[in-house]
Amino acid sequence: MLTALTRAVSRSLASCELTWLPRSIIDLDLANEQHKQYEQSLAAMGIRVISLPEQPEMPDAVFVEDPLLVFDEIAIVTRMGSPSRRAESASLAEAITPFRSVRTLLEPATLEGGDVMCIGRDVFVGLSSRTNEAGVEQLIRELQPFGYRVRPVEVRGCLHLKSACCSMGDGKILANSAWLDIAPLRDYQIVEVAPDEPGAANILRIGDAVLMPAAFPQTQEIVRNEGLAVRTVDISELMKAEAAITCSSVIFEA
């Protein structure tokens, strides 16, 4: 069964880590409501949602994608590039243990799940301010026995690789090519986001549909023109914390 781990929004979200955006006021009640709608959207797309409890003292803990990678064979607890977030990992390791054996990346590696895009056995890893070459090397060692091909990708101008590109399925990648080196993606067809929506590349393909933020109508139309149904959800308050669609869930076959 396709399953998603999510986590309730922390009451300290306003103290979140920020790299590319200026700090602005976050309406916590609205953020909670938007996150519930996000979970409901996942459920409506056929995913069983396991919602973990809030971690009140960890502002970014709702963004469960970064501390944990889940593959068919194993789960990997990352060592996040943001030191203040590393305490988020323990409870996620516990949550995934019933479903996968767990491995852990070690110092000097840094790697965040937002930098990892999996397409079949191809695993693209962004070299960003949060993920370093040691993180890529350790991920290669963990995944090579299972036949995965790990390929580093230079990221520029954004937080994570999946801020710049995400798989659309069917051999296509939705991307803002100004934010990454597209050469490692040469085996795939690049579909560019709308010019006025540089942050629109982060999407979540489930079955024949794509979940996208409501904020990017022009790119939604581009995705529809590629033959996919589009479902939208408003995550405007979470986006003030540099959130995107994929970062609030870890999706895997249970």
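Because the structure is a prediction, the values reported are computed rather than measured.

Scoring rules and cut-offs
Residue positions are given per chain, counted from 1 along the sequence in the order it is written. Totals for whole chains, interfaces and linings use all residues, but because this is a predicted model, local features are given only for residues with pLDDT of at least 70 and pairs of side-chain atoms are given and counted only at 80 or more. Hydrogen atoms and water are omitted, and side-chain values are computed over all heavy atoms in the structure. We count a stretch as a helix when DSSP gives it H or I for four or more residues in a row; a strand needs E for two or more, and each element gets its number in order from the N terminus. Throughout, radius of gyration means the C-alpha value; the globule benchmark is 2.2 Å times the number of residues raised to the power 0.38. When a residue's accessible area, from a 1.4 Å probe over protein chains only, is under 20% of the maximum for its type it is buried; when over 50% it is exposed; and in between it is partly exposed. By the convention used here, residues are in contact when the closest approach between their heavy atoms is within 4.5 Å. Cavity means a closed set of points on a 1 Å grid over the protein atoms alone, one where a 1.4 Å probe fits but cannot get out, pocket means an open set with protein on both sides within 12 Å along at least 5 of 7 lines, and lining means a residue has an atom within 4 Å of a point. Grid points are joined across faces, edges and corners, and a volume is the space filled by probe spheres set on the points. Residue type decides the class: Asp, Glu, Lys and Arg count as charged, Ala, Val, Leu, Ile, Met, Phe, Trp, Tyr, Cys and Pro as nonpolar, and the leftover types, Gly among them, as polar. For our purposes a nonpolar core is just a set of buried Ala, Val, Leu, Ile, Met, Phe, Trp, Tyr and Cys residues, chained together by side-chain atoms within 4.5 Å. Think of it this way: DSSP has to see at least two bridges between two strands before they count as a pair. For helices, the fitted axis covers only the stretch in contact; all axes are lines through C-alpha atoms, and the angles between them, taken along N-to-C directions, range from 0 to 180 degrees. A pair of Phe, Tyr and Trp rings is counted when the ring centres sit within 6.5 Å of each other, with Trp represented by its six-membered ring. The angle between the planes then sorts it: under 30 degrees is stacked, over 60 is edge-to-face, the rest tilted. Whether a charge sits over a ring comes down to the Lys NZ or Arg CZ being within 6 Å of the ring centre and within 35 degrees of the ring normal. By the counting rule applied here, Lys and Arg register as positive and Asp and Glu as negative, while His and the ends of each chain are not counted. Here a salt bridge means any side-chain nitrogen of Lys or Arg lying within 4 Å of a carboxyl oxygen belonging to Asp or Glu. Here a polar contact is taken to be a pair of N or O atoms separated by no more than 3.5 Å, where protein atoms must pair a possible hydrogen donor with a possible acceptor and residues adjacent in sequence count only if both atoms sit in side chains.

Enquirer: Explain the overall build of the protein residue by residue, including any values.
Expert: For the protein, the count of helices and strands is 6 helices and 15 strands. Here the protein has a C-alpha radius of gyration of 17 Å; the compact-globule value for 254 residues is 18 Å, and the two agree. Out of the 254 residues belonging to the protein, those deemed buried represent 54%. For the protein, the proportion of contacts with a sequence separation of at least 24, taken over those separated by at least 6, is 68%.

Enquirer: Go over unusual backbone geometry with me, naming the residues and quoting the values.
Expert: Here the residue pair Glu-107 and Pro-108 is connected by a cis peptide bond, since its omega of 15° sits within 30 degrees of zero. Relative to the helices and strands, Pro-108 is located in the loop between strand E5 (101-104) and strand E6 (116-119). In the Ramachandran plot, Asp-170 falls in the positive-phi region, its phi being about 60° despite a non-glycine side chain. Residue placement: Asp-170 occurs in the loop between strand E9 (165-169) and strand E10 (172-175). Although it is not a glycine, Glu-242 sits at a positive phi angle of roughly 65°.

Enquirer: Tell me about the layout of surface pockets, residues and numbers included.
Expert: For the largest pocket, the calculated volume is near 940 Å³. What lines the largest pocket is a set of 32 residues, and nearest its centre among them are Val-70, Cys-118, Lys-162, Leu-204 and Ile-251. Every element with two or more residues in the lining of the largest pocket is listed here: strand E3 (68-70), E6, E9, strand E12 (204-206) and strand E15 (250-253). For the lining of the largest pocket, the residue count by class is 18 nonpolar, 7 polar and 7 charged.

Enquirer: Give me the lowdown on the nonpolar core, citing residues and values where you can.
Expert: Counting 24 residues, the largest nonpolar core has Leu-13 and Leu-211 as its most contacted members. Elements supplying a minimum of two residues to this core: helix H1 (28-44), E12 and strand E13 (209-213). Beyond its immediate chain neighbours, meaning those up to four positions away, Leu-211 contacts Tyr-38, Ser-41, Leu-42, Met-45, Ile-203, Leu-204, Arg-231, Thr-232, Val-233 and Ile-245.

Enquirer: Give me the lowdown on the sheet that holds strand E11 (residues 189-192), citing residues and values where you can.
Expert: Read across the open sheet, the 3 strands follow the order E9-E10-E11; overall the sheet is mixed. The open sheet terminates on both sides in strands that have one partner only, identified here as E9 and E11. Strand-to-strand, the axes of this sheet are offset by a mean angle of 35°, without reference to chain direction. Pairing between E9 and E10: 4 bridges, direction antiparallel. Considered in E10, the bridge of Ser-167 is made with Ile-173.

Enquirer: Residue-level account of the sheet that holds E5, with values.
Expert: The 3 strands lie next to each other as E3-E4-E5, forming an open sheet whose pairing is mixed. Edge positions in the sheet fall to E3 and E5, since each of these pairs with one other strand and no more. Within the sheet, the average angular offset between the axes of one strand and its neighbour, ignoring direction, is 25°. Bridging between E3 and strand E4 (residues 74-77) involves 3 bridges; their strand directions are antiparallel. Across the sheet, residue Val-70 finds its bridge partner in E4, namely Ala-75. In this fold helix H3 (residues 133-143) packs onto E3, E4 and E5, with an angle of close to 160° to the strand it touches most, E4.

Enquirer: Can you lay out the packing of aromatic side chains for me, pointing to particular residues and giving the numbers?
Expert: Under the counting rule described, the total for this entry stands at 3 aromatic pairs. For Arg-121, the ring lying beneath its charged end belongs to Tyr-148, and the centroid distance is 4.2 Å.

Enquirer: Before we move on, could you go through the side chain of Glu-39 and cite the residues and values that matter?
Expert: Within the secondary structure, Glu-39 is located in helix H1. Here Glu-39 is buried and forms no salt bridge, its nearest opposite-charge partner Lys-36 lying at an N-O distance of 7.7 Å. Polar contacts involving the side chain of Glu-39 include one to the side chain of Ser-51, which spans 3.0 Å. Contact partners of Glu-39, with chain neighbours within four places excluded, come to Thr-6, Val-49 and Ser-51.

Enquirer: Account for H3, with residues named and values stated.
Expert: Within the sequence span of H3, burial applies to Ala-134, Gly-135, Val-136, Gln-138, Leu-139, Glu-142 and Leu-143. On its buried side, H3 packs onto E3, E4, E5, strand E7 (122-127) and strand E8 (149-154).

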